[in-house]
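This is what each chain is made of:
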Amino acid sequence: MSIALKQVFNKDKTFRPKRKFEPGTQRFELHKRAQASLNSGVDLKAAVQLPNGEDQNDWVAVHVVDFFNRINLIYGTICEFCTERTCPVMSGGPKYEYRWQDDLRYKKPTALPAPQYMNLLMDWIEVQINNEDIFPTSVGVPFPKNFLQICKKILCRLFRVFVHVYIHHFDRIIIMGAEAHVNTCYKHFYYFVTELNLIDRKELEPLKEMTTRMCH
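Here the structure is a predicted model, which is why all the values come from computation and not from measurement.

> Tell me what's going on with helix α4 (residues 56–78), and back it up with residues and numbers.
Along its 23 residues, α4 runs 33 Å from first to last C-alpha, staying within 8% of the 33 Å computed at 1.5 Å per residue. Counting buried positions along α4 gives 21 out of 23 residues, so the element sits mostly inside the fold. Two or three places before N57, at the opening of α4, D55 has a side-chain oxygen 3.1 Å from that residue's backbone nitrogen.

Structure, rendered in structure tokens:
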């Protein structure tokens with residue numbers, strides 16, 4: 001990453017604190033392996049495939065946390081331009097509007113300004129990945145039976161961040177010189193969720209044309 005990009009993606013811009021893996025744990029080793037693959041410039045399609053002998057839940061857990069950190073960082077770089085005035089609804093162009101529901105304060109799908117939606121989304125994901133009953137960090141503690149379903153919901157909602165950023169704020173990404181970085185992150189995310197069937201194809205529709213050009 002260039003010096004300019006490091007300045008763009010600095011720790012002060014992070015939308016939420018990063019979730020890290022404890023050194024010495026199996027998940028930390030998987031995280032290092034995934035990072036090494038990316039840093040070596042290998043084919044992203046190959047990098048997302050489940051390594052032989054590894055548990056799928058562990059592999060998914062590592063990637064969900066990593067994508068949360070990365071996408072959180074991307075949104076953090078443009079969040080000052082995503083306001084209730086510029087983005088009064090959370091959308092991906094005129095055809096797609098996303099409504100928030102969390103079964104707590106918002107029991108029914110509710111239209112919200114994009115920054116409010118993003119705050120609720122990141123808060124909700126942070127609660128999930130810091131919940132030891134869902135993302136256990138102790139060796140030998142099993143994942144819950146509904147782990148993959150929870151991860152699918154997290155990834156679906158993270159994809160909506162990409163949709164909003166690409167359609168409404170990509171001009172800012174280009175001005176900051178971060179286009180290549182964001183595109184690589186998107187390709188990594190897309191290959192991962194499609195490799196393991198973790199996202200409904202209809203959710204991918206808003207970025208279908210761009211994805212066809214970028215990922216095939």
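Continuing now.
> Would you mind going over the nonpolar core in detail, with residue names and values included?
One finds F135, I154, F162, Y166, Y186, F189 and F192 to be the most contacted residues of the largest nonpolar core, which totals 63 residues. Only α4, α5 (114–129), α6 (147–168), α7 (170–175), α8 (179–195) and α9 (208–215) provide two or more residues apiece to this core. With 12 residues, α6 is the single largest residue contributor to this core. Beyond its immediate stretch of four places on either side in the chain, I154 contacts V64, W124, I125, Q128, I129 and F135.

> I'd like a description of the packing of aromatic side chains, backed by residues and values.
In total, this model carries 14 aromatic pairs according to the counting rule given. Where F67 meets F192, the ring centres are 5.8 Å apart and the plane angle is 55°; that geometry is what we call tilted. Of this pair, F67 sits in helix α4 while F192 sits in helix α8, and the two are 125 residues apart along the sequence. Aromatic rings pair up to connect F67, F159, F162, Y166, F170, Y186, F189, Y190, Y191 and F192 into one cluster. The ring of W100 carries the charged tip of R157 above its face, separated from the ring centre by 4.0 Å. Positioned over the ring face of W124 is R157, at 4.5 Å from the centre of the ring.

What counts, and at which threshold
- Residues numbered from 1 in each chain as written.
- Predicted model: local features only at pLDDT ≥ 70, side-chain atom pairs only at ≥ 80, totals over all residues.
- Heavy atoms only, no water.
- Helix = DSSP H or I, 4+ residues; strand = E, 2+ residues; numbered from the N terminus.
- Expected span 1.5 Å × (residues − 1).
- Buried < 20%, exposed > 50% of the residue type's maximum accessible area, 1.4 Å probe, protein only.
- Polar contact = N/O pair within 3.5 Å; in protein donor to acceptor, adjacent residues only side chain to side chain.
- Core = buried A, V, L, I, M, F, W, Y, C linked by side-chain atoms within 4.5 Å.
- Contact = heavy atoms within 4.5 Å.
- Phe/Tyr/Trp six-rings, centres within 6.5 Å; stacked < 30°, edge-to-face > 60°.
- Lys NZ or Arg CZ within 6 Å of the ring centre and 35° of its normal.

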